[in-house]
Amino acid sequence: MRNLSPVFFGFEFARACNDAFFYYLGSALPFGAWAGQDVLSMAMLVVFIAAILLARKLAPLYLRQGFIWASAALMSAAALCLWGWQSTGVMELALVAAIAGGFGSAFAILLWSELQCCFGSLLIVVYIAGGFFFGSLLGWAIIGLEGPRMAAVLIACAFASSLCLRSGFPQIQECDLPRKSWGKVRFPWKLVLVLGVYEFVIGVREVMAPSGDGTMFLLGVLVSALIVFIAAYSSPEKLDFMLIFRAPFALVVCGLLFALLALPLGDAVSGFLSSLGYSMMFTLITVLMCDISHRYGVSVLVLCGIKELSAIGLIAGHSCAALQRNL
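Computed from a prediction, not measured in an experiment: that's the story for all the values here.

### Considerations on a nonpolar patch on the surface
- A cluster of nonpolar side chains, namely Ile49, Leu53 and Leu54, defines an oily patch on the protein surface of about 290 Å² accessible area.
- Structurally, leucine 53 can be placed in helix H2 (residues 35-53).

Printed below as a string of structure tokens:
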């Protein structure tokens with residue numbers, strides 16, 4: 001547990017790219033304040049649905065090396081299109097950036113899920129929570145960049161993610177690699193539905209009570225990932241999963257109360273608490289899916305693909321809140 005490999009934290013690079021795409025595309029399209037993010041999410045959903053339906057033919061995905069480099073190429077193309085959009089204001093470039101970034105990010109998420117499901121339960125927690133923390137921290141640094149520097153850093157992150165994937169799988173013992181056979185397990189649908197509800201709440205909040213540049217939301221992600229990482233790394237024998245699973249509900253409810261009561265700094269605190277609860281639940285469900293895949297041999301393409309469908313809640317939240325504001 002003390003000898004962790006930096007390679008297996010490489011998800012941070014894919015996470016940073018994904019955070020940056022969501023930030024830059026937030027106001028890129030004229031159809032609405034969150035249209036760029038919704039197009040990005042829908043592009044990702046296309047890949048996740050295809051992965052679920054074609055999992056028996058595609059799994060394990062890491063054996064098809066083309067997907068590893070396609071992920072980096074697509075995210076790099078998105079970065080270049082973002083640079084072009086910033087320079088020219090051509091909306092079509094932003095649209096291509098959203099689609100290419102969505103496809104590339106989705107491939108990266110699926111591939112990293114396959115790598116993360118190769119570990120035991122505690123290592124899954126450490127590497128996923130660490131990837132979320134360092135990735136969000138790196139994403140926070142990237143979103144202050146513009147033009148060629150922004151594009152160069154995003155391209156570097158995209159290929160760093162693929163290089164870590166490429167060098168990570170050979171370090172895994174053959175018995176722990178993703179399997180081609182299929183096991184049977186009862187899928188935790190209720191948790192995914194709860195995650196979808198949280199995403200809906202986040203989507204509504206982003207439209208009805210936008211909190212500036214999203215700093216408080218990102219801070220919530222950082223704090224939640226850090227809490228889970230420290231708990232798993234420093235005291236693995238005392239890690240209480242049941243307590244951590246209950247915490248997100250209380251945090252999201254408190255966030256909504258702050259927004260409804262219109263207290264001083266209500267929007268900022270509400271954004272922080274809501275994102276803290278949501279990101280903690282998202283991290284833990286990701287850990288759960290990878291652990292189920294490792295224990296029972298179910299393809300992580302199906303498990304994490306279904307989990308990622310919760311993004312429909314975010315799109316629905318944006319749409320419902322926008323409709324309400326226009327009435």
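Moving on from the model shown.
### So, the packing of helix H4 (residues 65-88) against helix H5 (residues 91-116)
- Running from N to C, H4 and H5 cross one another at 155°; their axes reach a closest spacing of 7 Å. In terms of orientation, H4 and H5 fall into the roughly antiparallel class. In this structure, H4 crosses over H5, and the sense of that crossing is left-handed. On H5, the residues touching Phe67, Ile68, Ser71, Leu74, Met75, Ala78, Cys81, Leu82, Gly84, Trp85 and Thr88 of H4 are Leu93, Ala94, Val96, Ala97, Ala100, Gly101, Phe103, Gly104, Ser105, Phe107, Ala108 and Leu111.
- For the contact of H4 with H5, a count of residues per class yields 17 nonpolar, 6 polar and no charged.

### Brief notes about helix H7 (residues 147-168)
- Given a rise of 1.5 Å per residue, 22 residues ought to cover 32 Å, and the 32 Å separating the end C-alpha atoms of H7 matches this to within 8%.
- If you check which residues of H7 are buried, you get Gly147, Met150, Ala151, Leu154, Cys157, Ala158, Ala160, Ser161, Ser162, Cys164, Leu165 and Gly168.
- Buried residues along H7 sit in contact with helix H1 (11-25), H4, H5 and helix H6 (121-142).

### So, the packing of H1 against H7
- Packing of H1 against H7 brings their axes to within 8 Å, and their N-to-C directions diverge by 145°. Crossing of H1 against H7: the hand is left-handed. Where H1 abuts H7, its residues Phe13, Ala14, Cys17, Ala20, Phe21 and Tyr24 lie against Met150, Leu154, Cys157, Ala158, Ala160, Ser161 and Cys164.
- Classifying every residue of the contact of H1 with H7 gives 12 nonpolar, 1 polar and no charged.

### So, the pattern of salt bridges
- Tallying each qualifying case throughout the model produces 3 salt bridges.
- Across the salt bridge formed by aspartate 19 and arginine 15, the nearest N and O atoms sit 3.4 Å from each other. Of this pair, aspartate 19 and arginine 15 both sit in helix H1, 4 residues apart, roughly one helical turn.
- By relative accessible area, which is 16% here, aspartate 19 ends up buried.
- The partner of arginine 295 in a salt bridge is aspartate 291, and the shortest N-O contact between them spans 2.8 Å. Placement of both arginine 295 and aspartate 291 in helix H11 (residues 266-296) is noted, with a separation of 4 residues, approximately one turn of the helix.

### Concerning the nonpolar core
- In this structure, Phe21, Leu82 and Leu154 are the most contacted members of the largest nonpolar core, which totals 95 residues.
- In terms of residue count, the dominant contributor to this core is H5 (12 residues).
- Discounting residues that sit within four places of it in the chain, leucine 82 has contacts with Phe21, Tyr24, Leu25, Ala97, Met150 and Leu154.

Rules and cut-offs
Residues numbered from 1 in each chain as written. Predicted model: local features only at pLDDT ≥ 70, side-chain atom pairs only at ≥ 80, totals over all residues. Heavy atoms only, no water. Patch = residues over 30% accessible without salt bridge, like charges linked within 9 Å, V, L, I, M, F, W, Y side chains within 5 Å. Areas by Shrake-Rupley, 256 points an atom, 1.4 Å probe, with all protein chains shown as cover. Salt bridge = Lys/Arg side-chain N within 4 Å of Asp/Glu carboxyl O. Helix = DSSP H or I, 4+ residues; strand = E, 2+ residues; numbered from the N terminus. Axes fitted to C-alpha atoms, helices over the stretch in contact; angles between N-to-C directions. Parallel < 35°, antiparallel > 145°, perpendicular 65-115°, else oblique. Left-handed = near helix turned anticlockwise from the far one by under 90°. Contact = heavy atoms within 4.5 Å. Nonpolar A, V, L, I, M, F, W, Y, C, P; charged D, E, K, R; others polar. Expected span 1.5 Å × (residues − 1). Buried < 20%, exposed > 50% of the residue type's maximum accessible area, 1.4 Å probe, protein only. Core = buried A, V, L, I, M, F, W, Y, C linked by side-chain atoms within 4.5 Å.

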